[in-house]
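Fold and contact review
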Amino acid sequence: MISSRFLAPTLLAAGLTACAAPTSREPANISSAKFEVKAYIDSGAYQEDLAAVAAPASEWIRHRARTRPGKLAVIFDIDETALSNLPQMHETDWGYQPAVWDAWVAKSAAPAIDPVREVYQTARQENVAVFFLTGRKESDRTATVRNLRQQGMGDYEALLVRPPDSKESAVIFKTAERKRLTGLGYTIIANLGDQQSDLDGGYSERNYKLPNPFYLIP
């Protein structure tokens, strides 16, 4: 996870991103936006939207693996894709504090996002290779491995994290990794992420964008 992870957390859906265009109008109130995000979660709509993306992903993986087998792979992002950081975000009132975030990751306490875990299970049942491709740092590897294993997602080909000196954008980093896997002979049949930057750049037959009203990573 890079330090820009919670920069301009959609927190608040108000479009307050680090790269947002200047405006002469008063933006949406941050407190109101926070209440809207909480209501979205508490109503069950967030979970429903996650499931609505995950179900067709499982269907596609199953169909693709059975009709055109080969050296197939599925890519999963981690934060707000395979694992949920809602407990930590609630605790910090949707903000980002580097030391607090690092301590949270070290706990390996993030729960699985159940609909996505089901996609993971489908991939493994169909003997499709799984790669976790994340913006988390190399220093987060041990805790992340433990967290994935504890949440029933410990069977995968590789956990791909940012190297210590990485400065490139999420799109560039993740695209390069997918290209590298393709060069190793894998056909990436599905790529799942909560950010558009998880999906842009190609090298995947199908992309599945999960909802994330919490933060934006360009």
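Residues numbered from 1 in each chain as written. Predicted model: local features only at pLDDT ≥ 70, side-chain atom pairs only at ≥ 80, totals over all residues. Heavy atoms only, no water.

1. Topic: the pairing of strand S4 (residues 187–193)
Both faces of the sheet carry side chains from a regular strand, because those side chains alternate between them. In terms of burial, S4 is a largely internal element, 6 of the 7 residues being buried. As judged from the 5 bridges shared by strand S1 (residues 72–76) and S4, these two strands associate in the parallel manner. Looking across to S4, one finds that Leu 72 is bridged to Thr 187. Pairing geometry for S4 and strand S5 (residues 207–209), over 3 bridges, is parallel. The residue of S5 that forms the bridge with Asn 191 is Asn 207. (Buried < 20%, exposed > 50% of the residue type's maximum accessible area, 1.4 Å probe, protein only. Helix = DSSP H or I, 4+ residues; strand = E, 2+ residues; numbered from the N terminus. Pairing = 2+ DSSP bridges.)

2. What about the packing of aromatic side chains?
In the structure shown here, the tally under the stated rule is 8 aromatic pairs. Here Tyr 46 and Phe 214 contribute two aromatic rings whose centre-to-centre distance is 5.4 Å and whose plane-to-plane angle is 85°, an arrangement assigned as edge-to-face. A residue pair is termed long-range when its members are at least 10 positions apart, and Tyr 46 in helix H2 (residues 45–67) and Phe 214 in the segment after S5 qualify at 168 residues. For the residue pair Tyr 46 and Phe 214, the accessibility class agrees, reading buried in each case. Ring plane angle 25° and centroid distance 6.2 Å describe the contact between Tyr 120 and Phe 132, whose orientation is recorded as stacked. Placement of Tyr 120 in helix H5 (residues 114–125) and of Phe 132 in strand S2 (residues 129–137) is noted, with a sequence separation of 12 residues between them. Residue Tyr 120 shares its accessibility class with Phe 132, and that shared class is buried. Connected via pairs of aromatic rings, a cluster forms that spans Tyr 40, Tyr 46, Trp 94 and Phe 214. If you follow Lys 71 out to its NZ or CZ, it ends over the ring of Tyr 186, 4.5 Å from the centre. (Phe/Tyr/Trp six-rings, centres within 6.5 Å; stacked < 30°, edge-to-face > 60°. Lys NZ or Arg CZ within 6 Å of the ring centre and 35° of its normal.)

Spatial relationships are all this shows, so hold off on functional conclusions.
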